[in-house]
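# Structural features, examined
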Amino acid sequence: MNCERATALLLEADLAELEGHGDTALAAHLERCPSCRERARRIVAAERGLDRALDGLGHQGRAPDATAAATGGEPTSGPRVASVPIRRGRRAVRWAWIPLALAAGLGTLILVSDEEPLPTRPTSAALDRSTDRLRVDVPAGRNAVLYETENPNVIVVWFY
Amino acid sequence: MPVDDRTDGSVLESLVARAQHGETRAFDELARRCHGRIYRWALVATGDPDDADDVAQEVLVQLERHLGRFEGRSRFTTWLYQVTRNAAASLHRRRGAAQRASQALSPDAPSMGQSTRWIEDMETAELVTLVKALFQELPLRQREVFDLAELQGIPAAEVAEMLELNPATVRAHLFRARRTIRTRILATHPALVEDRQR
């Protein structure tokens, strides 16, 4: 096997084979050819780096408060409190259209969103500026999801 | 994502069973353990961290509402993956509808195209190149297979179940994705490419 053939195989081989495992012609070539071994090493290192990068994005504090995001659907005896950190700079494009839609009338609201009409029952919400956390009192029997908008002073609280 | 599949799977199944019986703590623990992978699946499906956030949030809501529907006929992660895919597809459909509506309401509305700023912020130029290749050169199905089978090491048979494909199709997608990504990897090291002519 020459290096050109080996490189062609490198493009589709399993990572284990690139790391020298297995009794194949490619594995044997990698054992004796430093250049192809370096190509295999680069591929493995790059893919591992890609895996870590994607995994890291999932653990960069983006995890919502599980209770706030999906509070239990069973009715409770009283209001529940959710306290969630405010994540600045998030885009919530569909919600940015709500003020415009409300001004244009309910028909337009239906056009831009397939969600149920907004609840009209008021509830309490308070922003703790020292911790930058929003406290939301969720009425009994309701659940809540919070959306930030492009306006940092506007947070939409969705009760359902 | 270095996860001991057997241990992780049995822990999740146990939490699912307890959550289905009404244990709030079990559900919270289940949501906490699953959020990272849900977010990653959503990111691979949408290519945008903000969209992935929205999808992950929606999936947690769906998890709470519909966990009772999971009957254990498949792996829990397979079921959860399908919920995530459906949520990502739903977001894509709604965004398409909203975009058409926004154009009708305001011809000057800003584009809803994906920001690549999060990619440019990555540590190395090579990583930026690879992530761009992942999202811009691989079709969705190849991207999903590459992430699940190649990067996360999930066996092809399980990936086939998650994506509702047959294993041979999964392998075909994987080979194509590998070729694209690895060609990009080697292209960032010209000396290695020239050296192979020997």
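Residues numbered from 1 in each chain as written. Chains lettered and ligands numbered in written order. Predicted model: local features only at pLDDT ≥ 70, side-chain atom pairs only at ≥ 80, totals over all residues. Heavy atoms only, no water.

### Digging into the overall build of chain A
- Summing up its helical and strand segments, chain A has 8 helices and 5 strands in all.
- Counting from the amino terminus, chain A carries its helices and strands in the arrangement α-α-α-α-α-β-α-α-α-β-β-β-β.
- When the 160 residues of chain A are sorted by exposure, 44% land in the buried category.
- Summarising the internal contacts of chain A: among those between residues at least 6 apart in sequence, 51% fall at separations of at least 24.
- Within the structure as shown, chain A displays about 8,600 Å² of accessible surface, and the carbon and sulfur contribution to it stands at 53%. (Helix = DSSP H or I, 4+ residues; strand = E, 2+ residues; numbered from the N terminus. Buried < 20%, exposed > 50% of the residue type's maximum accessible area, 1.4 Å probe, protein only. Contact = heavy atoms within 4.5 Å. Areas by Shrake-Rupley, 256 points an atom, 1.4 Å probe, with all protein chains shown as cover.)

### Quick look at the overall build of chain B
- If you tally the helices and strands in chain B, you get 10 helices and 0 strands.
- Taking the contacts inside chain B whose residues are at least 6 apart along the sequence as the reference set, 63% of them involve residues at least 24 apart.
- Accessible surface, chain B as shown: approximately 9,600 Å² in total, 48% of it carbon and sulfur.

### Describing the packing of aromatic side chains
Residues and elements named next belong to chain B.
- For the coordinates displayed, the defined rule picks out 4 aromatic pairs over all chains.
- A centroid spacing of 5.5 Å and a plane angle of 80° characterise the contact between Phe-70 and Phe-76, whose relative ring orientation is edge-to-face.
- Centroid distance Phe-70 to Trp-79: 5.6 Å. Interplanar angle 50°. Geometry classified as tilted. (Phe/Tyr/Trp six-rings, centres within 6.5 Å; stacked < 30°, edge-to-face > 60°.)

### Some words on the environment of Gly-9 of chain B
- Locating Gly-9 of chain B in the fold gives a position in helix H1 (residues 5-20).
- Along the chain, Gly-9 of chain B and Arg-75 of chain B lie 66 residues apart, while their C-alpha atoms are 8.0 Å from each other.

### Topic: the pattern of salt bridges
- For the coordinates displayed, the defined rule picks out 21 salt bridges over all chains.
- Across the salt bridge formed by Asp-14 of chain A and Arg-171 of chain B, the nearest N and O atoms sit 3.8 Å from each other. Here Asp-14 of chain A is found in the loop between helix H1 (3-10) and helix H2 (15-18), whereas its partner Arg-171 of chain B is found in helix H9 (residues 167-187) on a different chain.
- In this structure, Glu-150 of chain B engages Arg-178 of chain B in a salt bridge whose closest nitrogen and oxygen atoms are separated by 2.8 Å. You can see Glu-150 of chain B sitting in helix H7 (residues 140-151) and its partner Arg-178 of chain B sitting in helix H9, a full 28 residues away along the chain.
- Take Arg-178 of chain B: its relative accessible area is 3%, and that puts it in the buried class.
- Each of the salt bridges in this network shares a partner with another, and the network as a whole consists of Asp-14 and Glu-47 of chain A together with Glu-150, Arg-171, Arg-178 and Arg-182 of chain B. (Salt bridge = Lys/Arg side-chain N within 4 Å of Asp/Glu carboxyl O.)

### Looking at the confidence of the model for chain B
All names here are of chain B.
- For chain B, the average pLDDT comes to 83, and 79% of its residues sit at 70 or higher.
- Across chain B, element-level confidence peaks in H7 with a mean pLDDT of 96 and bottoms out in helix H10 (residues 190-195) with 55.
- Note that residues 104-113 has pLDDT below 50 and, in this model, 11 contacts with residues that lie over four places away or in other chains.
- For this predicted complex, the interface confidence comes out at an ipTM of 0.80, alongside a pTM of 0.66. (pLDDT = per-residue confidence, 0-100.)

### Considering the packing of helix H4 (residues 34-57) of chain A against H7 of chain B
- Orientation of H4 of chain A relative to H7 of chain B, taken along the N-to-C sense of each, is 110°, at an axis distance of 11 Å. On the basis of their axis angle, the class for H4 of chain A and H7 of chain B is roughly perpendicular. Contacts between H4 of chain A and H7 of chain B pair Glu-47, Leu-50, Asp-51 and Leu-54 of chain A from the former with Phe-146, Asp-147, Glu-150 and Leu-151 of chain B from the latter.
- Looking at the contact of H4 of chain A with H7 of chain B, its residues break down into 4 nonpolar, no polar and 4 charged. (Axes fitted to C-alpha atoms, helices over the stretch in contact; angles between N-to-C directions. Parallel < 35°, antiparallel > 145°, perpendicular 65-115°, else oblique. Nonpolar A, V, L, I, M, F, W, Y, C, P; charged D, E, K, R; others polar.)

### A few points about the confidence of the model for chain A
- Model confidence for chain A is summarised by a mean pLDDT of 65, while 42% of its residues fall at 70 or above.
- The model gives residues 61-119 of chain A a pLDDT under 50, and that stretch makes 125 contacts with residues more than four places away or in other chains.

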